[in-house]
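Spelled out, the chains give:
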Amino acid sequence: MTDGAPITKEPIRLDLFIGGDMGMWLVEETLLCYHREVDSTAHLGLGHLRFNVIGVTDPDILARLEQHPRGRDHFPTTQRDVNAWAAWCKTKPPGDWPRPADIALLVHCPTLVKAETIKHYRRVYNLHPGLLPLGRGMFPVPWAIIDKHSAGATLHVIDSERVDAGPIVERHVVIPGYDDTAESVHARVRDGERRILRAFIDNLRDRGELPREEPIDPIDLGRNRKRADFDARRFVSVDELESLRATDLLRLARAYTFTGYPGLRVGPFELTLKRVP
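Please read all numbers here as calculations on a predicted model, not as lab measurements.

## Re the nonpolar core
- If you look at the biggest cluster of nonpolar residues, it comprises 42 residues, and the most contacted ones within it are Ile 103, Leu 105, Tyr 125, Leu 155, Phe 200 and Phe 230.
- For this core, the element with the most residues is helix H6 (residues 182–207), which contributes eight residues.
- Those residues in contact with Phe 200 that lie beyond four places of it in its chain are Leu 14, Ile 103, Leu 105, Tyr 125, Leu 155 and Pro 211.
- Ranked by size, the runner-up nonpolar core spans 13 residues in total, among them Phe 17, Ile 118, Tyr 121 and Ile 158.

Following this line, the structure appears as structure tokens:
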């Protein structure tokens, strides 16, 4: 594990990139609830930390930020993703605003960070709603139920173009119960993400140093799951149904029960679960 160390005598500058409604909720629950003042560079001031909301992947989330009580002037927000922003920064004259950031933080951003972008920052961090090193890629919570392992949240470093494979900063473990659906596990994972994000910001604000990191042994890495993998597993044929145990079918139904996604497809039927009193 590497020791945390001050990265500069000046306040740490952080570029923040938000992906999706859940990313915005996490930011509202952590960063935006602090009392802070705006310094002369129009960055948000927070102790040893200055941060800038740069990238928003969803236009609806951008509109919500603009309507925030602190106002658009406090959020010099664009819809650039982290790669486009880093490339644009290289074209700026020296000393031009915004000042170069030390680190970047991605919150629920489905973006493959390029090697050139990683070099642009001292560190790029990613808040991932899966328990690494196993829970890589898309839909880590349902896959945890399907594969019968722990779910959770992980803050990790992006140090290469490999997905969800960089050193781990912090994890929050969630163990799915036999009566959990992906929806109920997601709720506990969100709580873990909120705690991780708040602790990360507290450390930067109060100590002005990078957090410690634990490298991942490549042999421990799980498979990088893609959306196509998840969509394909959703279908249970009639022939497969004949060989499935009831507990296995129930586990699949639990994994595919969450808001915004159709349920398990069993032959001509869609199967979702509803909790009863």
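## What about the packing of helix H5 (residues 140–147) against H6?
- Between H5 and H6, whose axes approach to 9 Å, the crossing angle comes to 120 degrees. With respect to their mutual orientation, H5 and H6 come out oblique. The chirality of how H5 crosses H6 is right-handed. Contacts between H5 and H6 involve Val 141, Pro 142 and Ile 145 from the former and Ala 182, Val 185, His 186 and Val 189 from the latter.
- In terms of residue class, the contact of H5 with H6 is made up of six nonpolar, one polar and no charged.

So, how was this worked out
- Residues numbered from 1 in each chain as written.
- Predicted model: local features only at pLDDT ≥ 70, side-chain atom pairs only at ≥ 80, totals over all residues.
- Heavy atoms only, no water.
- Core = buried A, V, L, I, M, F, W, Y, C linked by side-chain atoms within 4.5 Å.
- Buried < 20%, exposed > 50% of the residue type's maximum accessible area, 1.4 Å probe, protein only.
- Helix = DSSP H or I, 4+ residues; strand = E, 2+ residues; numbered from the N terminus.
- Contact = heavy atoms within 4.5 Å.
- Axes fitted to C-alpha atoms, helices over the stretch in contact; angles between N-to-C directions.
- Parallel < 35°, antiparallel > 145°, perpendicular 65-115°, else oblique.
- Left-handed = near helix turned anticlockwise from the far one by under 90°.
- Nonpolar A, V, L, I, M, F, W, Y, C, P; charged D, E, K, R; others polar.

Nothing here speaks to function; it is geometry throughout.
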